[in-house]
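Summary of structural features
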Amino acid sequence: MFVSKPAPRSVRTMLLLLQRPHAAVACLLWCCLTGVLSIPDPRQREALIKQEASMQTGGQMVLTDAEQQLDALLFKMKQEEIMRADFPPAMHFFQARTLIRTSPIFSLLQKMPKGGALHVHDLSMTSVEWLVKNGTYRPHCYMCYTDSQSIRFIFSSQWPKALPRCSPWILLENLRAKLVNTTDLDNSIMSNLTVFTDQDPETVYPTQDVIWDTFEEAFLAMWGLVTYAPVFRDYYYQGLTEFYTDNVMYLELRALLPEIYELDGSTHDRAWTLKTYQDITRNFMSEHPDFFGARIIFSVHRAANVSVMTRVVEEAMKLQKDFPDVMAGFDMVGREDSGKPLWYFRDALSMPAERGVTLPFFFHAGETDLEGTEVDQNLLDALLFNSSRIGHGFALIRHPVAKGLSRKRGVAVEVCPISNQVTKLVKDLRNHPAAALMSENHPLVISSDDPAMFGSSGLSYDFYEAFVGLGGMRSNLGFLKELAINSIRYSSLSVKQQEQALALWQRRWDKFVSENTL
């Protein structure tokens, strides 16, 4: 009697695969991975390529006919860009900036509705040139030169008291009146308010310590300018204008909420500063109806001690309660490598949860290459404290548990390509860790961190680096579209506000596509 033998397990598996949706692709992949087909089939290769492409950021995005036309144009532009000998993402941004400005891709990105900028700092959002021309030319502006070859400013109705380790104060309107040409003075002031240099950046900034020291010094230099009440108001309004001009419709600003001073020396507290942000934002929105708004992430420098951090978190909880519309949450700023890790402040950071108070966290974490150190654990600690997003997350690919939690919880990484390059975490942006995250569509957004400090503006420069450098040849219009949508989806806006913002963005996006496919 003949008894048929069951088919081998490999054959049975293949038969089951053929009964499922996408059976042909699944079967080809299975055959490739198990070695059933000894000779590679071109269909296997094509299936693998399509599988990987579908997994990347924007890989599942279905494009309209008009979008496909624009995508084809972008693809041709990128082919030409990548063939250049002086490929901008492979160069330091300070040297690549001029090249980027001449790129047709960059011109297109400037016109593209980019959604929101979710990682920008208060004292570096507005161009340094504007600050010098519109800040230092005001009456009663004094400047002195420090022993560290930097500068300090103050506005005062009377001759100000001398600062330690600083030259006697100079009234700038008197100094400029004596000069035939003020350009050199203005350029000198600007060079102290930014880290951008026309010289070889690798020579000027040989180490991370040097660039960070210069970075921190530039913030100190502009402090007395930006914290003067009249300049503060105009500076913020101008910052909103620059982002709006770059087709950014929403902003989340990391703000120190500094003590703002008047000409007579009187000062305002943090509540006043936060309300001023709120009032100016509302005024800007009334004048620009297609701008969706801005919210503030109250931030404190991570060099603070435990007692200071405790007081600041207490104040943050009160501000969150008093200004729920404008206050998004809390963060710590400053260089991670030299600052205290999140776990050091665990008692202070645990207070909101212990008291049942809502205070969303948006922690900087993983902006480091110090693998295996306490600083490197900030990523895990940020997730333990339920951070709503992760600022930078440069080290995330070295932490599989943190990466998995980030994906599962939908905790987006705020990727700031130019910032990471300038601070010497990565040299060639094609090698940025976010490229790996993008290949598997990890939750992320693109932002610009400190554009004024780097000689950039808005978001377009960072979008260029992400699209051409990090995304490589495979990133397409769907990639850009998903990044823009992510900036709203992962914002601190309520679900209803996100829906409204997305509807507004979609109208602008459709207009952008139609205008660039004619």
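See above for the structure.
Here's what I pulled together on the structure shown here.

The rules we used
- Residues numbered from 1 in each chain as written.
- Predicted model: local features only at pLDDT ≥ 70, side-chain atom pairs only at ≥ 80, totals over all residues.
- Heavy atoms only, no water.
- Helix = DSSP H or I, 4+ residues; strand = E, 2+ residues; numbered from the N terminus.
- Rg over C-alpha atoms; globule rule 2.2 N^0.38 Å.
- Buried < 20%, exposed > 50% of the residue type's maximum accessible area, 1.4 Å probe, protein only.
- Contact = heavy atoms within 4.5 Å.
- Areas by Shrake-Rupley, 256 points an atom, 1.4 Å probe, with all protein chains shown as cover.
- 1 Å grid on protein atoms, 1.4 Å probe; cavity = no way out; pocket = protein on both sides within 12 Å on 5 of 7 lines; lining within 4 Å.
- Points joined across faces, edges and corners; volume = space filled by probe spheres on them.
- Nonpolar A, V, L, I, M, F, W, Y, C, P; charged D, E, K, R; others polar.
- Disulfide = S-S within 2.5 Å.
- Phe/Tyr/Trp six-rings, centres within 6.5 Å; stacked < 30°, edge-to-face > 60°.
- Lys NZ or Arg CZ within 6 Å of the ring centre and 35° of its normal.
- Pairing = 2+ DSSP bridges.
- Right-handed = clockwise from strand over helix to strand, strands pointing away.
- Patch = residues over 30% accessible without salt bridge, like charges linked within 9 Å, V, L, I, M, F, W, Y side chains within 5 Å.
- Salt bridge = Lys/Arg side-chain N within 4 Å of Asp/Glu carboxyl O.
- Axes fitted to C-alpha atoms, helices over the stretch in contact; angles between N-to-C directions.

**A short note on the overall build of the protein**
Within the protein, the secondary structure is distributed over 23 helices and 13 strands. For 518 residues, the compact-globule estimate of 2.2 N^0.38 gives 24 Å, and the protein sits close to it at 26 Å. Overall size of the protein, expressed as C-alpha extent along the three principal axes, is 115 × 55 × 45 Å. Burial status across the protein gives 54% buried among its 518 residues. By sequence separation, contacts in the protein at least 24 residues apart represent 75% of the contacts at least 6 residues apart. Split by element, the accessible area of the protein, about 23,500 Å² in all, is 55% carbon and sulfur.

**Brief notes about empty space enclosed by the protein**
Tallied over the entire structure, the rule returns 2 cavities of 30 Å³ or more. Counted as a void, the largest cavity has a volume near 50 Å³. Lining the largest cavity are Q208, W212, R335, E336, D337, E367, T368, T423 and L425. Residue classes in the lining of the largest cavity are distributed as 2 nonpolar, 3 polar and 4 charged. The computed volume of the second largest cavity comes to approximately 40 Å³. In terms of lining, the second largest cavity is formed by D122, L123, M125, V226, F232, Y235, Y236, L253 and Y277. No other element matches helix α12 (residues 229–245), which puts 3 residues into the lining of the second largest cavity. Taken together, the residues of the lining of the second largest cavity break down into 8 nonpolar, no polar and 1 charged.

**Comments concerning the state of the cysteines**
A full pass over the atoms with the stated rule returns 1 disulfide. A sulfur-sulfur distance of 2.0 Å marks the disulfide that ties C144 to C166. The chirality of the disulfide connecting C144 with C166 is right-handed, given an S-S dihedral of about 95°. Of this pair, C144 sits in strand β2 (residues 141–145) while C166 sits in the loop between β3 (151–155) and β4 (170–171); the two residues are 22 residues apart in sequence, bridging distant segments of the chain. The buried category is assigned to C144, whose relative accessible area is 0%. Given the relative accessible area of 17%, C166 is considered buried. Considering cysteine sulfurs only, C144 is the nearest to C141, which forms no disulfide, with 11 Å between them. Look at C141 and you get buried, because its relative accessible area is 1%.

**Some points on the packing of aromatic side chains**
A full pass over the atoms with the stated rule returns 24 aromatic pairs. Put simply, the rings of W212, F215, F219 and F454 pair up and form one aromatic cluster. If you follow R97 out to its NZ or CZ, it ends over the ring of F196, 4.0 Å from the centre.

**Brief notes about the sheet that holds strand β13 (residues 444–446)**
Reading across the sheet, the 4 strands line up as β10-β11-β12-β13 and stay open at both edges, with parallel pairing between neighbours. The open sheet has two edge strands with one neighbour each: β10 (364–365) and β13. Bridge count between strand β11 (residues 389–392) and strand β12 (residues 412–415): 3 bridges; the pairing is parallel. Looking across to β12, one finds that I390 is bridged to V413.

**Concerning the pairing of β2**
In regular strands, side chains alternate between the two faces of the sheet. Across the 5 residues that make up β2, a large majority, 4, are buried. Bridge count for β2 against β3 is 5 bridges, and the pairing is antiparallel. Among the inter-strand pairings, C144 is bridged to a residue of β3, identified as R152. What sits between β2 and β3 in their antiparallel hairpin is a turn of 5 residues, with Q149 showing a positive phi close to 65°. Across 2 bridges, the pairing between β2 and β4 is antiparallel. Counterpart to M143 in the pairing with β4 is I170.

**A word on the pairing of β11**
Two strands pair when backbone bridges link them, and β10 and β11 are joined in this way by 2 bridges, in the parallel orientation. Bridge pairing in β11 places H364 opposite G391. This β-α-β element, β10 to helix α16 (residues 378–384) to β11, shows right-handed connectivity. In terms of handedness, the path from β11 via helix α17 (residues 400–409) over to β12 forms a crossover that is right-handed.

**Section: the environment of C144**
Spatially, the C-alpha atoms of C144 and C166 are 6.0 Å apart, while their sequence positions differ by 22 residues. Among residues more than four places away in sequence, those in contact with C144 are S150, I151, R152, L163, C166, S167, P168 and W169.

**Some words on a nonpolar patch on the surface**
A cluster of nonpolar side chains, contributed by F75, I82 and M473, occupies part of the molecular surface with about 230 Å² of accessible area. Tracing the sequence through the fold places M473 in the loop between α21 (460–470) and α22 (477–489). You can call M473 partly exposed: its relative accessible area is 30%.

**Overview of unusual backbone geometry**
A positive phi angle, close to 70°, is found at H140, a residue other than glycine. The phi torsion at K424 lies on the positive side, around 70°, for a residue other than glycine. As for its position among the elements, K424 is in the loop between α18 (417–422) and α19 (434–439).

**Considerations on the side chain of R335**
Assignment of secondary structure puts R335 in the loop between β9 (327–333) and α15 (346–355). Given a relative accessible area of 12%, R335 falls into the buried group. Those residues in contact with R335 that lie beyond four places of it in its chain are Q208, D209, W212, E216 and R302.

**Quick notes on the sheet that holds β2**
In spatial order, the strands read β3-β2-β4; together these 3 strands make up an open sheet with antiparallel pairing. One side of each edge strand has no neighbouring strand; the edge strands of this open sheet are β3 and β4. Taken strand by strand, helix α11 (residues 208–226) contacts β2 and β3, and its axis lies near 15° from that of β3.

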